[in-house]
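For reference, the chains in residue letters:
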Amino acid sequence: MAPGDGFSFQFRARGLAGARGARWLFEGLDLDLAPGDCLVITGSNGTGKTTLLRILAGLLAAEEGRVEWQPEPPGEMVRLHYLGHHNSVKGALTVGANLGFWRRLAGGSDAAAMARATALFGLDDLLDLPARVLSAGQKRRLALARLVAVPAPLWLLDEPTTALDTASGEAFAAAVAAHRAQGGMAVIATHRDLGFEATHRLRMGVTE
Amino acid sequence: MTASTPSSEQPAVRGSALHRFANPARFLRLSRAVQPWLLAITLPCLIAGLYFSLVKSPIDYQQKDTVRIMYVHVPAAWMAMFGYSTLAIASAIGLIWKHPLADLAGKAAAPIGAGFTVIALATGSLWGKPTWGTWWVWDARLTSVVVLLFLYLGYMALWNAFEQPQRAAKAAAVLALVGAVNLPIIKFSVDWWNTLHQPASISRIGTPAIDPAMLTPLLLMAVAYLGLFLLLLLVRMRVELAERRVMALQLARSRAGEGR
Amino acid sequence: MNGFWAILARDLHLARAESGGALLAVQFFALGVLLFPLGLGPEPGMLSRLGGGLLAVMALLATLLALDRLFQQDHEDGTLDLLRTSPAPLWTVALGKALAHWLLTGGPIILVAPLLGIVLQMSWPAIGGLLAALALGTPTLSLVGAIGASATIGARRSGVLLALLVLPLYIPVLIFMSGTVTAAETGLAFGAHVSILGALLLLSLVLAPWAAAVALRQIGE
């Protein structure tokens, strides 16, 4: 699959149950995502939004249930981006070096995607600066730039717009739109209005 | 999209993520059934073993009465090894098949095994004093047992080092298996080290040639120790399960109190 | 092997950016060794006899010092999540980290060891044996240490806990490193000692990255 071809993967979860430590958070959760879908997850703190995202990312084992891709993506391909509360930014490296590391890790060398990412999030003038001098908003933009610089079919985002100003929020919305137009899928947990429409909504913490 | 959050009126089952532990009914029933049998085997063996080893068995030509310590020391060393094997096997089952009781078994077995290790070391030291004149002898077996003790201590420390018991369980399991792989290597290195540094005559604390009259008490004590180990293991596992159930109930109560 | 090279390059880059922080371990090594003549007295002959074992023990302790930070930083800033969700197999990540660790601790230790050997009045054959021992032993220490580091990510008192976990596993390497020095001096069984050190290294090269990957996968939360 060459870059720019778009993605045609479906992502499914069946009967997911999640817990945090000794607390049971949710059970019987089913998800069906098709190319272009965007699921927005809302709910107060402690209802399991982060736990669900981490389970979908494969970072946390579900108590029950399973997650599957249709079709199964090849092993060397980057399947998903998980963006949590941390930015994964190394302060001692330059902005450009951070992005470079993420690209090398993914095994890709899609220079066009990289250029798009830095342009979209306004990082072009910051590339040579060590990341530690960036503000919180700039660091978040750098973290978001990774999503565009390394193409992947599924984005799992936990409060992605924290610390972002309006302009950057719009850049983020544009990034999501472009991603979905390419057949990508997104699952976003947020308190805020993201400025675009979701295809599905899930409210955590409500007993059926 | 469908999902449901469990209601807080069922604390013992779905309200707690430890539902896997909340009703380990089969294990509890089994252990309750097995316990009296274990006791019935252990107690007589212990009494008979002690009688035979401390009273009736022959004294060694050179070591005289002090050889009797062997009957306490040698089975303790065996149990130290057995305890670690139990730990390692439980860890493997926990990592591969993710059976929740496996991790628990490892956690419960560790202090018992460590206890036997300490007994082995203490009795080894007591045996060494009249025989070799010093409280400690750097022979291959005692040194390996000391290292084994530290492997136990490390494993137990890992369990206490994390907020979440599941995380602790997995970390401890990995280390237990790495330790198990390392144990033969450690034993081999310590033996090697010993032959390099010790004159050949003091290569191990003299285990006298096993005479059939000595075999009986040794085996009796070994069986008694094994029974004791298993008994303590079952008791500790039950206590641990009860503690977790209490925690789960407390958590459910606090959630009910929050109102949702 | 993208993951391996990416992680290796990045860790070395980061170490250089820290300007000197990475060389703390070898400074500890040298300082620790110097404590012994001060503590035991500079009696001729005694130091040279103890030299091999002493330097081996200090190498162990110095290697340990740098270990608990191996994964800690990545865990704290979310990079570990990134590594776990990337297509790069975790064992390559662990191997890359272990190699970076060795280049920053074991490597400098090997370079500084002959100087310290002279200070301890060791003979030239002994120093030669020491170099062989450290060259084969310190990579094993980094590899086995990586297992301990990955299992203790996020633990309380992780520094001391790591030492408690990893030192028993280091004992075989210690015994054979020290044995190599003695064998180099006496001329007996040098080959045997070196072969065993080599075998331990190979074993850890194969098993340690995999075990560390298993531990990394268990992090959850």
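Residues numbered from 1 in each chain as written. Chains lettered and ligands numbered in written order. Predicted model: local features only at pLDDT ≥ 70, side-chain atom pairs only at ≥ 80, totals over all residues.

Here's the deal with the overall build of chain B
Logical step 1: Secondary structure assignment for chain B yields seven helices and one strand.
Logical step 2: Element order for chain B, N to C, with α for helix and β for strand: β-α-α-α-α-α-α-α.
Logical step 3: Residues counted as buried form 42% of the 260 residues belonging to chain B.
Logical step 4: Relative to all contacts within chain B whose residues are 6 or more apart in sequence, the contacts with residues 24 or more apart total 78%. (Helix = DSSP H or I, 4+ residues; strand = E, 2+ residues; numbered from the N terminus. Buried ≥ 20, exposed ≤ 12 C-beta atoms within 10 Å, placed from the backbone. Contact = placed C-beta atoms within 7 Å.)

With respect to the interface of chain C and chain B
Logical step 1: Chain C puts 24 residues into the contact, and the matching count from chain B is 24 residues.
Logical step 2: For the side of chain C that touches chain B, the element with the highest residue contribution is helix H9 (residues 158-186) of chain C, accounting for 10 residues.
Logical step 3: In the side of chain C that touches chain B, the residues fall into 16 nonpolar, five polar and three charged. (Nonpolar A, V, L, I, M, F, W, Y, C, P; charged D, E, K, R; others polar.)

So, the pairing of strand S6 (residues 154-158) of chain A
Residues and elements named next belong to chain A.
Logical step 1: Among the five residues in S6, five count as buried, and that is most of the element.
Logical step 2: Along S6, one buried face is formed by Leu154, Leu156 and Asp158 and the opposite face, lined by Trp155 and Leu157, is buried too.
Logical step 3: As paired elements, strand S5 (residues 80-83) and S6 share four bridges and run parallel to each other. Looking at the pairing, Leu83 lines up with Leu157 of S6.
Logical step 4: Across five bridges, the pairing between S6 and strand S7 (residues 185-189) is parallel. When the sheet's bridge partners are listed, Leu156 is paired in S7 with Val187.
Logical step 5: Following the chain from S6 across helix H5 (residues 166-181) to the adjacent parallel S7, one finds a crossover that is right-handed. (Pairing = 2+ DSSP bridges. Right-handed = clockwise from strand over helix to strand, strands pointing away.)

Overview of the sheet that holds strand S8 (residues 200-203) of chain A
Hydrogen bonding along the main chain pairs the strands of a sheet, whether they run parallel or antiparallel.
Residues and elements named next belong to chain A.
Logical step 1: Read from one edge of the open sheet, five strands run S5-S6-S7-S3-S8, paired in parallel fashion. A strand with exactly one partner marks an edge of an open sheet, and here the two such strands are S5 and S8. When strand polarity is set aside, the average angle formed by the axes of neighbouring strands in this sheet is 10°.
Logical step 2: Pairing between strand S3 (residues 38-42) and S8: four bridges, direction parallel. (Axes fitted to C-alpha atoms, helices over the stretch in contact; angles between N-to-C directions.)

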